[in-house]
Amino acid sequence: FILISNQPRAVLETIISRCQQLALPPPTRDELTQQLIQDGCGSNLAQTLAELQRRGLHFAESDFAERRQLIIAWLGAIAQNQDHQRLLSLDKISKDQAPDQILELALSLTLDLMRLQSGMPTIELTHRDLGNQLHELAQAGSWINLTQTLAAARPALKRNLRLSSLLMGATL
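A. Examining the overall build of the protein chain more closely. Along its length, the protein chain carries nine helices and zero strands. Helices and strands in the protein chain line up, N terminus first, as α-α-α-α-α-α-α-α-α. Of the contacts made within the protein chain by residues no fewer than 6 positions apart, 58% connect residues no fewer than 24 positions apart. Computing the positive centroid from 16 side-chain charges and the negative centroid from 17, the protein chain places the two 7 Å apart.

B. Spotlight on the pattern of salt bridges. Under the definition given, this model contains eight salt bridges. Between Asp-96 and Arg-67 there is a salt bridge, and its shortest N-O distance comes to 2.8 Å. Of this pair, Asp-96 sits in the loop between helix 5 (83–94) and helix 6 (99–117) while Arg-67 sits in helix 4 (residues 61–79), and the two are 29 residues apart along the sequence. Looking at Arg-67, the relative accessible area reads 11%, which means it is buried. Ionic pairing is found between Asp-83 and Arg-86, a salt bridge with its closest N-O pair at 3.6 Å. Residue Asp-83 and its partner Arg-86 are located together in helix 5, separated by three residues, close to a single helical turn. One continuous salt-bridge network, built from bridges that share partners, spans Arg-29, Glu-51, Arg-54 and Arg-55.

C. How the structure looks around the layout of surface pockets. Its volume calculated, the largest pocket comes out at about 580 Å³. Together, 15 residues line the largest pocket, and Leu-3, Ile-4, Ser-5, Gln-21 and Leu-22 are the ones closest to its centre.

D. Looking closely at unusual backbone geometry. Located in the positive-phi region is Asn-81, a residue other than glycine, with phi close to 55°. Assignment of secondary structure puts Asn-81 in the loop between helix 4 and helix 5. For Asn-81, a relative accessible area of 66% translates into the label exposed.

E. Region of interest: the side chain of Ser-89. One can find Ser-89 in helix 5. Those residues in contact with Ser-89 that sit more than four places away from it in its chain are Leu-70, Ala-73 and Trp-74.

F. View of the packing of aromatic side chains. Taken as a whole and judged by the stated rule, the model has one aromatic pair. Judged by centre distance (5.4 Å) and plane angle (55°), the rings of Phe-59 and Phe-64 are tilted. The residues Phe-59 and Phe-64 share a single accessibility class, namely buried.

Cut-offs applied
- Residues numbered from 1 in each chain as written.
- Predicted model: local features only at pLDDT ≥ 70, side-chain atom pairs only at ≥ 80, totals over all residues.
- Heavy atoms only, no water.
- Helix = DSSP H or I, 4+ residues; strand = E, 2+ residues; numbered from the N terminus.
- Contact = heavy atoms within 4.5 Å.
- Lys, Arg positive; Asp, Glu negative; His and termini not counted.
- Charge placed at Lys NZ, Arg CZ, Asp CG, Glu CD.
- Salt bridge = Lys/Arg side-chain N within 4 Å of Asp/Glu carboxyl O.
- Buried < 20%, exposed > 50% of the residue type's maximum accessible area, 1.4 Å probe, protein only.
- 1 Å grid on protein atoms, 1.4 Å probe; cavity = no way out; pocket = protein on both sides within 12 Å on 5 of 7 lines; lining within 4 Å.
- Points joined across faces, edges and corners; volume = space filled by probe spheres on them.
- Phe/Tyr/Trp six-rings, centres within 6.5 Å; stacked < 30°, edge-to-face > 60°.

This is the structure in structure tokens:
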């Protein structure tokens, strides 16, 4: 038998005593990037997907691009105070079948906006392939409140609250 756990301290001592433990470190960002490039992903996008995979977010390339554009449109509507466009974007986002991934992706984008506002270079961003677009959004105002609200919304999403309600509440 093979027993795999990312939390070996949670395994009973009686089981651990009968097992041989092997520590398998996660692949580095560079290793993941190279694997994605070998699988046919573009270099810039591969770096972004690799960083997200290191954080436990796994996206198919096609799903990722579509979801990210939905979130960018939503953030753009927030930045430009376009309530109608913000609601249209939320409507599209709410139809996604993976609300937890949408929330985490939105959080990673708002964190990048905050990084840009603090003076961090584009090369350090998770979504460095969107550097120009993110620079424009970062200049629109403070993103800290939205970022904090998105981070706090994680437990609420696990309690079956609707993603659209959480995101709408985050931008009021």
